[in-house]
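Summary of the model geometry
What follows is the residue order along each chain.
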There are 2 protein chains.
Amino acid sequence: METLRRPYAVSRCIYSEDDFAEDHVKIHRQHKTILDHVKEYLICNSKRAKNLGLSLLPVIGWMRIYQLRKWLLGDVVAGVSVGLVSVMQGLAFSLLASLPPSYGLYTAFFPMIVYFFLGTSRHISIGSFPVLSLMVGAVVTRLVPDHGPVANITGLDGLTMEQQRVIVASSVTFLMGLFQLAMGVLQVGFIVMYLSDTLVSGFTTAAAVHILVSQLKFVLGLEVPGFSGPLSIIYTLEKIFVQITKTNICDLVTSLVIMVVVFIVKEVNDRFKAKLLVPIPIEVIMTVIACGVSYGFNFEDNFQVVIVGEMVSGYESPIAPNVEVFRESAVEAFPIAVVGFAVAFSVAKVYSIKHDYTIDGNQELIAFGVSNMFGASFKSFAASTALSRTAIQESSGGKTQIAGLISAMMVMVVTLALGFLLEPLPRSVLGALVIVNLKGMLMQVKETPYLWKRDRPDCVVWVVTCLAAILLGLDLGLVVGLGVELLTVVFRIQFPRCSVLANIAGTDIYKDRKDYQCIYEPEGVKIFRMPSPIFFANIEFFTGKLVEAVGFDPLKVLRKRNKALRKIRKQLREGELLITDRGLEPTAYRKTAESEDESNMEDLDLPIDFKDLPIQVNWNSELPANICVPRVDIHSLVLDFSAVSFLDISALKGLKVIWKDFLRVDVEMYIVSCDAYILENLHNCQFFDNEIKTSMFFQTLHDAMLHVQQNHLKNDVQVKENFMYSILYSMLITVILIMSLQV
Amino acid sequence: METLRRPYAVSRCIYSEDDFAEDHVKIHRQHKTILDHVKEYLICNSKRAKNLGLSLLPVIGWMRIYQLRKWLLGDVVAGVSVGLVSVMQGLAFSLLASLPPSYGLYTAFFPMIVYFFLGTSRHISIGSFPVLSLMVGAVVTRLVPDHGPVANITGLDGLTMEQQRVIVASSVTFLMGLFQLAMGVLQVGFIVMYLSDTLVSGFTTAAAVHILVSQLKFVLGLEVPGFSGPLSIIYTLEKIFVQITKTNICDLVTSLVIMVVVFIVKEVNDRFKAKLLVPIPIEVIMTVIACGVSYGFNFEDNFQVVIVGEMVSGYESPIAPNVEVFRESAVEAFPIAVVGFAVAFSVAKVYSIKHDYTIDGNQELIAFGVSNMFGASFKSFAASTALSRTAIQESSGGKTQIAGLISAMMVMVVTLALGFLLEPLPRSVLGALVIVNLKGMLMQVKETPYLWKRDRPDCVVWVVTCLAAILLGLDLGLVVGLGVELLTVVFRIQFPRCSVLANIAGTDIYKDRKDYQCIYEPEGVKIFRMPSPIFFANIEFFTGKLVEAVGFDPLKVLRKRNKALRKIRKQLREGELLITDRGLEPTAYRKTAESEDESNMEDLDLPIDFKDLPIQVNWNSELPANICVPRVDIHSLVLDFSAVSFLDISALKGLKVIWKDFLRVDVEMYIVSCDAYILENLHNCQFFDNEIKTSMFFQTLHDAMLHVQQNHLKNDVQVKENFMYSILYSMLITVILIMSLQV
């Protein structure tokens, strides 16, 4: 953009925090306390009440702006398209939940009715979501396994396995809804922030693997008991491969044909998206054909194919959830609640940004919570949204949840009247349809090399989440993934790249001294930069790096000096040393034995005290031959705090200790570019005392360096030259500038 | 310190990153890859082999410098003092582990023997630690409860309850040692960093409460079964209060007398520390008296007091750990291993700093791992260190682990020959001694008001850890505490205080505009500061705050402009608008119906395209009456990245999106003070393209502001004045400076 160089001139006083505060009065701002926030939150007036009402029933908001003529047609078309898909997916996903297919139709109906009134998203399609169905299925097969004893729960006795499973599934769904409602009421919808894209991608990929494995038994026509708990996927695969020879060829062939056809047509749909008015509803077509063929050739009796079987016609009376199931499944229901909400919210957000309206996370939580609790009472299982259905609803013209309502009506028609038509459908067809839809989720694996190149920690999160979710199960995997994700954040700020800075000659810019050749490092000063917050987990790393950078440990130097002082005192007492004009000088007298006094280790850590000595010892000058202390070749240490975004109480303590240690070996320490908020915090925590003062804090690195150089000007000729040079240069530029501006 | 103000002058070019790179060539540094690190780690030569040997057997190192005449006496005295205490504590803490008292003597002997050779700390006293004993006890009572069925473990059948418990305890200890050894070999000793002081303080306070409750039954002489799992402390207390009327008065009186006496003498010891040669060994004295009294009055038969009873005399042959116990207790053994190591390491560190030698965390892990595995083979239980014993060892003159070895010998003597003397000791005495030693741990509660004032999140960590550890049990509490602690770190960087900066007139300093009165905010520019790293959990917070700060959402403005453009095009086509010299002007012609074209929502997000229009629309000037777009009153946006210590991949994506959005509504965005490492990362991630360039990155905020002001100089008279003023001022100061220096 710009290639012309422009000059730059600054001329002002050197500002320490004290000087700055003197010149520029800070406005005292009253920060709100927690109590104020609570009070504000609890204020009640008519306007707030009205807003609350509107936010609890978003349907009022969008119904008032509903443009009947322009939106209704789109909603109807979208509703019908989605309705067809809903029926298919409802049947297929109920297999994932280990439930009879017809309950999937309930899931596509009841939750939608409630969401219509409570939901803030106008585009998402409420209903079953494969990952959730699978997670519910894991609980169902754990509590009501295919073989073996049912969990010890009162209320399940005397029922068929299917009935037991339905009760378990609806109870888990109720509990999940309860969790969602509670989170909504407590306004903690923000927790989905912690589910980063990477985490969700790894998690859903693992879910796709689980779904694939769970559908294999339908595609191959095998009987495999449901496993649950860690490593269940391995056991399932083992069971499948053990009996692979018993594969039902009819199931396999039907599935393969359907998968290939659907896959190809979907690719065609994708490629000619622009030219096709509506994507070909290939899944519906294939289902109808499969139904017909299965009925015509009587697959069930001729080839022992497992079919959908008797559909529950109509609706059943509501049931109360089983509280004992709550207790057994609480640990699993919570991740289900979080995942269900997170998926729906992220999909809803995409469309709300696209269509420019706002959605409210906490209201969405309430909406999903109530939807699921309502649905669970009518035996439907966990509902969220599926990306595929939502995409269809939006792309076929859906503008509001009227479309969702119409799709629910479609499902109702099938449930009430047309269900029997689906009875001859082989379950393998449903399995094949589920599998062929996993492509997108499985293809997320392709992200990993990209992530590895760009951001290693993120890649680690992806891989760990995915592997953990595959091997340990989805709920535990999610917890592990979250833990690793939080750890990577801590890790990134825990081990930052510390550096020693030096001046780019002729400027006020300081850079890592290893990075540039023409860099000027003033003698006797070290500038240390810690580019991250300092807290309990890295305060030792920080002090370690600081000691490494300055080249000595101040505490050790202090101890050596104190030891030397003891020795000097003793030698003076015993006449081995004399005080002359040139300082300390040894005499000829020597005591034979010499033993170190180790009695008082604590004294060595005290500040050096010359009180009882007639002279002050200059530690860097020549000392008597038998006394040696390490040389300290710096007089000042400047810490660049510009990137320190917070200090916790451990960091504060550690910083204070090392600061005092440096002061005691006559090294002055300065902190520059400290955030105003941190400074306030330091005041609050009584960080400052008679040794550590605010005048040791400077506005910029250059302020501190100029202060240091001027304080030690006499010792350092080069600095003076440099400084003069800089001033002359400054004047020259100023003159040029003024001339150029006046031209 | 300094009150004299010194002047400050800088004069140089304005540096964007591009300009700076042109002037100052950066040295290309090859960063080590992971492979390089591994290679370096695996290099093997004779020196490394020798060092490895020495570091694996630290005993060689300190034995070579052992000063026999000066150190031996101290070691012997310390060894004898600690030996006496070891015996007492061994007996008392084995009650915590729900084991017969004599096994505590084994714990004070076997682990020490191994640690002597492998440990790097010269001062800590190896042996039982109350918290660990309690944690082992929790596993023991879970697997072998007082009443009810023993866990289904082969190898425990046909043994007495005590034998079963000893096997469980030693197996858990073996597994714990295995975990420690593994962590040491894998060099992951750094994980103790995550156990912050606050966390440890909250955790040990909770442990003290558990210990107190567990000893109540001995003090009161009641029979209470051991509970385990969450809320077990409540159940235990319930059981105790239910049968409080059955209290054994003899036990209670003995305990109270001992507690009062020990407490008072300990206070005296503390107060007259300087005057006393050795602290009064009141615990040993009271034990001896209690033994005598109990034997003399035959407490066991006369008052039904439970006494220590038969001591195992001598040692038993080693046993192999039970692998089934491993499986049952793996989840609990890991926290035991971590806590055991963390406590020992933190105590060892204190003394290593005091006595100026280095300890090696990973070698300590190996030492404790092997010690515990060795000890477990001889039926001792989890060993670590106790602060009290270590303090005695160091203060009574112990210099090396020779003292530890001597104390182990003392314990051996008691085990082999003098054990029978302790048999009449009432268990309530041991309980009373444990309780009276809890004072320090319980007093940590006093920290909380201090923490609340200084650092709220830290206080929350303390309280949550403590409550969770009390209510859920120590292992689960530790996990919960760790989770909360990591969350607070993330939380602190997640919701930082963003601010809009403005210039302190006459300087190059920029501060929060709300904080100062005399602050100059150039027109048309917003400076936004995000004082924390940006990552997946706060990128939305960041963009939200940015949009709030600038006062408009660039995407919405872009859409409105594109919509307006569509309208203008349409109106031009239909003759409702005309292009005149003054821009667009409406004609008299009006079409009646007006409908918005909503067909192509995606198009609205594209950059504004004036291609097919004969003129460019100036969005901030007067537009035709029926067309309105929001005014954008800034032309530049400067982001201060000085405190951004890392950007993850989500942040990168989000930043790029918002940057492009701003560019499309003609707002230039600049980033200043970006860390060199982040800049490198941006290059790696292909962040830059034909819209976002490195020339938009500036060295300092002032560089960017000068660049912006000069680019928009013509539009803004005040800026020019300000700039001239600054230059004149600069010249004046320069002249004064030169004069003052030459004087």
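None of these values were measured; they are calculated from a predicted model.

For the rest of this paragraph, the subject is the overall build of chain A. Looking only at helices and strands, chain A features 29 helices and 12 strands. Taking 743 residues into account, the globule formula puts the C-alpha radius of gyration at 27 Å, and chain A, at 37 Å, lies well above it. Structurally, chain A occupies a C-alpha span of about 120 × 80 × 55 Å along its principal axes. Out of the 743 residues in chain A, the part that is buried amounts to 54%. Relative to all contacts within chain A whose residues are 6 or more apart in sequence, the contacts with residues 24 or more apart total 80%. The distance from the centre of the 65 positive side-chain charges to the centre of the 71 negative ones in chain A is 4 Å.

Using the criterion set out here, one finds 65 aromatic pairs over all chains in the structure. Pairing Trp659 of chain A with Phe697 of chain A gives two aromatic rings, centres 5.9 Å apart and planes at 40 degrees, and the pair type is tilted. Taken together, the residues Trp659 of chain A in helix H26 (residues 649-664) and Phe697 of chain A in strand E12 (residues 697-698) connect sequence positions 38 residues apart. By the burial criterion, Trp659 of chain A is buried, and Phe697 of chain A matches it. A ring pair is formed by Phe299 of chain B and Phe303 of chain B, whose centres lie 5.4 Å apart and whose planes are at 85 degrees; its orientation type is edge-to-face. Separated by 4 residues within a single helix, Phe299 of chain B and Phe303 of chain B lie in helix H14 (residues 299-303), roughly one turn from each other.

Opposite the 114 residues of chain B that make contact, chain A presents 116 residues. Linking chain B with chain A are 4 salt bridges. Glu540 of chain B is the partner of Lys349 of chain A in a salt bridge, and the nearest nitrogen-oxygen pair spans 2.6 Å. Applying the counting criterion to the chain B and chain A interface returns 14 residue pairs in polar contact (both at pLDDT 80 or more). Counting residues per element, the side of chain B that touches chain A draws most heavily on helix H29 (residues 717-742) of chain B, which supplies 14 residues.

What follows is about the pairing of strand E4 (residues 499-504) of chain B. All names here are of chain B. The buried fraction of E4 is high, at 6 of 6 residues. Note: E4 against strand E7 (residues 525-529), 3 bridges, orientation antiparallel. Counterpart to Ser499 in the pairing with E7 is Arg529. In this structure, E4 lies alongside strand E5 (residues 510-512), joined through 3 bridges in antiparallel fashion. Note on E5: the bridge partner recorded for Ala502 is Lys511.

To continue, consider the relation of the copies chain B and chain A. In the superposition of chain B on chain A (RMSD 0.1 Å, axial shift 0.0 Å), the rotation amounts to 180 degrees. Viewed as a symmetry operation, the transformation between the two copies matches a two-fold axis. Among all residues of chain B, the one whose C-alpha sits closest to the rotation axis is Ala643 of chain B, at a distance of 1.9 Å. Comparing interface residues between copies, 99% of those in chain B also sit at the interface in chain A, which points to an isologous, same-surface contact.

Here the focus is the side chain of Asp675 of chain B. Take Asp675 of chain B: it is sitting in the loop between strand E11 (668-672) and helix H27 (676-684). Looking at Asp675 of chain B, its side chain comes within polar contact range of the main-chain nitrogen of Tyr677 of chain B, at 2.9 Å. Filtering out sequence-adjacent residues up to four positions away, Asp675 of chain B remains in contact with Arg529 and Pro531 of chain A.

Next up on the list: the environment of Ala403 of chain A. All names here are of chain A. Within the secondary structure, Ala403 is located in helix H18 (residues 402-418). Considering only alpha carbons, one finds Ala403 and Ile671, 268 residues apart in sequence, at a separation of 62 Å. Beyond its immediate sequence surroundings of up to four residues, Ala403 is in contact with Asp75, Ala78, Gly79, Gln393 and Gly398.

Following the criterion strictly, the structure yields 0 disulfides over all chains and no others. Of the cysteine sulfurs around Cys685 of chain A, a residue in no disulfide, the closest is that of Cys674 of chain A, at 12 Å. You can see Cys498 of chain B has no disulfide; the closest cysteine sulfur is in Cys674 of chain B, sitting 16 Å from it.

Let's shift gears to helix H18 (residues 402-418) of chain B. Residues and elements named next belong to chain B. Between its terminal C-alpha atoms H18 stretches 23 Å, which fits the 24 Å expected from 17 residues at 1.5 Å a residue. All of the buried residues along H18 are Ile402, Ala403, Gly404, Ser407, Ala408, Val411, Val414 and Thr415. Where H18 is buried, its residues touch helix H4 (58-64), helix H5 (68-96), helix H6 (102-107), helix H7 (110-118) and helix H17 (387-395).

Glancing now at the confidence of the model for chain A. A residue-level look at chain A finds 91% of positions with pLDDT of 70 or above and a mean pLDDT of 84. Confidence estimates for the predicted assembly give a pTM of 0.84 and an ipTM of 0.84.

All names here are of chain B. Together, Val260, Phe263, Ile264, Val268, Phe272, Leu276, Ile280, Ile285, Ile289, Val293, Phe297 and Phe303 make up an exposed nonpolar region whose accessible area comes to about 980 Å². Within the residue set of the nonpolar patch, elements represented by two or more residues are helix H12 (249-271) and helix H13 (282-296). In this structure, Val260 sits in helix H12.

We now examine the environment of Gly221 of chain A. All names here are of chain A. Structurally, Gly221 can be placed in the loop between helix H10 (197-220) and helix H11 (232-242). Separated by 27 residues in sequence, Gly221 and Asn248 place their C-alpha atoms 5.0 Å apart. Those residues within four positions of Gly221 in sequence are excluded, and the remaining contacts are Asn248 and Asp251.

With that out of the way, let us pick up the packing of H10 of chain A against helix H22 (residues 456-472) of chain A. All names here are of chain A. Between H10 and H22, whose axes approach to 8 Å, the crossing angle comes to 30 degrees. In terms of orientation, H10 lies roughly parallel with respect to H22. The interaxial crossing formed by H10 with H22 has right-handed handedness. Where H10 abuts H22, its residues Thr198, Leu199, Ser201, Gly202, Phe203, Thr205, Ala206, Val209 and His210 lie against Asp458, Val461, Trp462, Thr465, Cys466, Ala469 and Ile470. Looking at side-chain class alone, the contact of H10 with H22 contains 9 nonpolar, 6 polar and 1 charged residues.

Under the criterion given, the structure shown has 36 salt bridges over all chains. The partner of Lys439 of chain A in a salt bridge is Glu267 of chain A, with the nearest N and O atoms 2.9 Å apart. A residue pair is termed long-range when its members are at least 10 positions apart, and Lys439 of chain A in helix H20 (residues 439-442) and Glu267 of chain A in helix H12 (residues 249-271) qualify at 172 residues. A relative accessible area of 36% places Lys439 of chain A in the partly exposed class. Linking Asp640 of chain B and Arg529 of chain B is a salt bridge whose minimum nitrogen-to-oxygen distance equals 3.3 Å. Residue Asp640 of chain B is found in strand E10 (residues 636-640), and its partner Arg529 of chain B is found in strand E7; the two are separated by 111 residues along the sequence. Across the pair, Arg529 of chain B and Asp640 of chain B agree in class, each one buried. In this structure, a network of salt bridges that share partners links the residues Lys656, Lys660, Arg664, Asp689 and Glu691 of chain A.

Counting 139 residues, the largest nonpolar core has Leu639 and Leu647 of chain A together with Leu639 and Leu647 of chain B as the members making the most contacts within it. Among residues more than four places away in sequence, those in contact with Leu647 of chain B are Arg492 of chain A together with Ile534, Phe641, Leu652, Leu655, Ile678, Asn681 and Leu682 of chain B.

With that out of the way, let us pick up the pairing of E10 of chain B. Within a regular strand, side chains alternate between the sheet's two faces. All names here are of chain B. A large share of E10 lies buried, amounting to 5 of its 5 residues. Side chains Ser636, Val638 and Asp640 project from E10 onto one buried face, and the interleaved Leu637 and Leu639 project onto a second face that is buried too. Bridging between E7 and E10 involves 5 bridges; their strand directions are parallel. From the neighbouring strand, Phe528 faces E10, where its bridge partner is Leu639. Two strands pair when backbone bridges link them, and E10 and E11 are joined in this way by 5 bridges, in the parallel orientation. For Leu639, the partnering residue across the bridge sits in E11 and is Ile671. In this region the chain leaves E10, passes through helix H26 (residues 649-664) and returns to the parallel neighbour E11; the handedness of that crossover is right-handed.

Definitions and limits used
- Residues numbered from 1 in each chain as written.
- Chains lettered and ligands numbered in written order.
- Predicted model: local features only at pLDDT ≥ 70, side-chain atom pairs only at ≥ 80, totals over all residues.
- Heavy atoms only, no water.
- Helix = DSSP H or I, 4+ residues; strand = E, 2+ residues; numbered from the N terminus.
- Rg over C-alpha atoms; globule rule 2.2 N^0.38 Å.
- Buried < 20%, exposed > 50% of the residue type's maximum accessible area, 1.4 Å probe, protein only.
- Contact = heavy atoms within 4.5 Å.
- Lys, Arg positive; Asp, Glu negative; His and termini not counted.
- Charge placed at Lys NZ, Arg CZ, Asp CG, Glu CD.
- Phe/Tyr/Trp six-rings, centres within 6.5 Å; stacked < 30°, edge-to-face > 60°.
- Salt bridge = Lys/Arg side-chain N within 4 Å of Asp/Glu carboxyl O.
- Polar contact = N/O pair within 3.5 Å; in protein donor to acceptor, adjacent residues only side chain to side chain.
- Pairing = 2+ DSSP bridges.
- Least-squares fit on C-alpha atoms with pLDDT ≥ 70 in both.
- Disulfide = S-S within 2.5 Å.
- Expected span 1.5 Å × (residues − 1).
- pLDDT = per-residue confidence, 0-100.
- Patch = residues over 30% accessible without salt bridge, like charges linked within 9 Å, V, L, I, M, F, W, Y side chains within 5 Å.
- Areas by Shrake-Rupley, 256 points an atom, 1.4 Å probe, with all protein chains shown as cover.
- Axes fitted to C-alpha atoms, helices over the stretch in contact; angles between N-to-C directions.
- Parallel < 35°, antiparallel > 145°, perpendicular 65-115°, else oblique.
- Left-handed = near helix turned anticlockwise from the far one by under 90°.
- Nonpolar A, V, L, I, M, F, W, Y, C, P; charged D, E, K, R; others polar.
- Core = buried A, V, L, I, M, F, W, Y, C linked by side-chain atoms within 4.5 Å.
- Right-handed = clockwise from strand over helix to strand, strands pointing away.

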